[in-house]
Amino acid sequence: MQKMLSLLSRVLKGPAQKPVTGAANEAVRVMVASRNYADFASEATFDIKKCDIHRLEEEPPTQAVLTREEGLQYYRTMQTIRRMELKSDQPYKQKIIRGFCHLYDGQEACCVGLESGINPTDHLITAYRAHGYTYTRGVSVKEILAELTGMLQFFSLYIAFFTEIFPYFLVFQGQIFETYNMAALWKLPCIFICENNRYGMGTSVERAAASTDYYKRGDYIPGLRVDGMDVLCVREATKFAADHCRSGKGPILMELQTYRYHGHSMSDPGVSYRTREEIQEVRSKSDPITLLKDRMLHNNLSNVEELKEIDVEVRKEIEEAAQFATTDPEPPLEEIANHIYRNDPTFDVRGANLWIKYKSAS
């Protein structure tokens, strides 16, 4: 890059051999940048891990095409979620975020891959550890962090009912089997997703379950076990599952094998039931962002400088959002009744005692 800038600068020097400055120098940089971007590959094909299947005659592909545009989008989105979660750690420890806080770092390929495999108009329900899905559904970082600090309440009109995402330990509870049974009987077009991050609170899957084949827990519902650390693997499996549902074949269950870097919640240090070495090994061998980055660099879909620019932009966005979330004034108490129901007539909501009432707002 520097050699090319120097060469172009010499070419563009005037008769007096004065160095190129100002607008001319900027033009040189634009020319170099344009040429560099033109030299990138437009797409590349990758081998991805084969999914384990249950009650299926077909299976997701073992190859995936990634365009340069998709790669940059996935990289930025996963980096944004990662930085947002790491930033949330700080205000929680400062007691600015109160209550429970379940962070998603390490699992970014799940929400990004899933979102890229369905349509924006498809509906999604999730439980806790939902910051990543909230972001991929269109809620801004500023709104998410402000909700965590109590500055506003976030909700997405897209989130309704299509995909049920639940922590793996819920598979032991009776209501999930009742739901499976109803979905199978009615052939509902529903994808059940178990994000198996290997621990339910502080209990490992091996200690909690006689069978850890969670993708088979739907019994008569077909299932997939997917590499949840690979955004392309999740994307292709989600597309396969969505096509299965849309074709009238009924529900399907996906188990995404992933890993969380933080503890179960912020009150859990995360190292009393697993070692720091285990966490570091996953980071070094299976990190979803690193995997995507390496693929893009080794296949000429991007370069180190471009990805660093994205990193800088993401950090700036997160810092500005955090500043807003921790310094903006709290909303007035009168807004406590807002957004309880959608598109309902105004009604009274009781406050802290019988004599205080607030008007609702959709």
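Thresholds applied
The residue numbering used here restarts from 1 in each chain and proceeds along that chain's sequence as written. Only residues with pLDDT of 70 or above have their local features reported here, since the model is predicted, and side-chain atom pairs are shown and tallied only from 80 upward, although totals for entire chains, interfaces and linings are computed over all residues. The side-chain numbers reported here are obtained from all heavy atoms of the structure, hydrogens and water having been left aside. Exposure categories follow from relative accessible area, calculated using a 1.4 Å probe and restricted to protein chains: below 20% of the type maximum is buried, above 50% is exposed, and the middle band is partly exposed. Numbering of helices and strands runs from the N terminus, with a helix taken as a DSSP run of H or I at least four residues long and a strand as a DSSP run of E at least two residues long. One bridge is not enough; two strands pair if DSSP finds at least two bridges between them. Working definition: rings of Phe, Tyr and Trp (its six-membered ring) pair if their centres are within 6.5 Å, and the pair is stacked with planes under 30 degrees apart, edge-to-face with planes over 60 apart, and tilted otherwise. In this scheme, the term charge over a ring applies when either NZ of a lysine or CZ of an arginine sits within 6 Å of the ring centre and within 35 degrees of the ring normal. Working definition of a nonpolar core: buried Ala, Val, Leu, Ile, Met, Phe, Trp, Tyr and Cys residues. They are joined through side-chain atoms within 4.5 Å. In what follows, a contact means two residues having at least one pair of non-hydrogen atoms within 4.5 Å. Space inside and on the surface of the protein is sampled on a 1 Å grid over the protein atoms alone, with a cavity defined as a set of points where a 1.4 Å probe fits but cannot get out and a pocket as an open set with protein on both sides within 12 Å along at least 5 of 7 lines; lining residues have an atom within 4 Å of a point. Grid points are joined across faces, edges and corners, and a volume is the space filled by probe spheres set on the points. Note on residue classes: Ala, Val, Leu, Ile, Met, Phe, Trp, Tyr, Cys and Pro are nonpolar, Asp, Glu, Lys and Arg are charged, and everything else, Gly too, is polar. Inter-axis angles, ranging from 0 to 180 degrees, are taken between N-to-C directions of lines fitted to C-alpha atoms, where helices are fitted over the stretch in contact. Two helices crossing with the near one rotated counterclockwise from the far one by less than a right angle form a left-handed crossing, whereas a clockwise rotation gives a right-handed crossing.

J.: Quick question: what am I supposed to make of the pairing of strand S3 (residues 63-67) here?
T.: Each regular strand shows side chains that alternate between the opposite faces of the sheet. Burial along S3 is one-sided: the face carrying Ala-64 and Leu-66 is buried and the face carrying Gln-63, Val-65 and Thr-67 is not. Bridging between strand S1 (residues 43-47) and S3 involves five bridges; their strand directions are antiparallel. If you follow Phe-46 over to S3, its bridge partner there is Ala-64.

J.: Please explain the packing of aromatic side chains as it appears in this structure.
T.: Each aromatic ring pair is described using two quantities: the centre-to-centre distance and the angle formed by the ring planes. The full count for this structure, using the stated rule, is six aromatic pairs. Taken together, a centroid distance of 6.0 Å and an interplanar angle of 90° make the contact between Phe-177 and Tyr-180 edge-to-face. Of this pair, Phe-177 and Tyr-180 both sit in helix H7 (residues 174-186), three residues apart, which is roughly one turn of the helix. Note on Tyr-180 and Phe-192: the rings are 5.1 Å apart at their centroids and 85° apart in plane angle, and the pair reads as edge-to-face. Placement of the pair is Tyr-180 in helix H7 and Phe-192 in strand S6 (residues 191-196), with a sequence separation of 12 residues. The same class applies to Tyr-180 as to Phe-192, namely buried. Above the ring of Phe-324, the side-chain terminus of Lys-142 is found at 4.9 Å from the ring centroid. If you follow Arg-283 out to its NZ or CZ, it ends over the ring of Tyr-261, 4.0 Å from the centre.

J.: What exactly am I supposed to notice about the nonpolar core here?
T.: The nonpolar side chains of a soluble globular protein tend to be buried, and buried together. Residues Leu-224, Val-226 and Met-254 are the most contacted members of the largest nonpolar core, which totals 61 residues. By residue number, the principal contributor to this core is helix H9 (residues 231-246), which donates nine residues. In contact with Met-254, not counting residues within four places along its chain, are Ile-191, Phe-192, Ile-193, Cys-194, Leu-224, Val-226, Ala-237, Thr-238 and Ala-241. Ranked by size, the runner-up nonpolar core spans seven residues in total, among them Tyr-180, Ala-183, Cys-190 and Leu-253.

J.: Mind showing me how you'd approach empty space enclosed by the protein here?
T.: Remark: the empty space left among the atoms is shown by a probe the size of a water molecule rolled over them. On inspection of all chains with the given rule, the structure shows two cavities of 30 Å³ or more. Estimated volume of the second largest cavity: approximately 50 Å³. Lining the second largest cavity we find Lys-87, Ser-88, Pro-91, Ile-97, Leu-145, Thr-149, Ala-322, Ala-325 and Thr-326. Here the lining of the second largest cavity is composed, by residue class, of five nonpolar, three polar and one charged.

J.: Looking at this model, I keep getting lost on the packing of helix H6 (residues 141-148) against helix H12 (residues 304-327). Mind explaining?
T.: Between two packed helices, the angle of one axis relative to the other and the distance separating the axes together describe the packing. Packing of H6 against H12 leaves a shortest axis separation of 8 Å and a crossing angle of 40°. You can see that H6 and H12 cross each other, and the crossing is right-handed. Between H6 and H12, the residues in contact are Val-141, Lys-142, Leu-145 and Ala-146 and Glu-317, Ile-318, Ala-321, Ala-322, Phe-324 and Ala-325, respectively. Residue classes in the contact of H6 with H12 are distributed as eight nonpolar, no polar and two charged.

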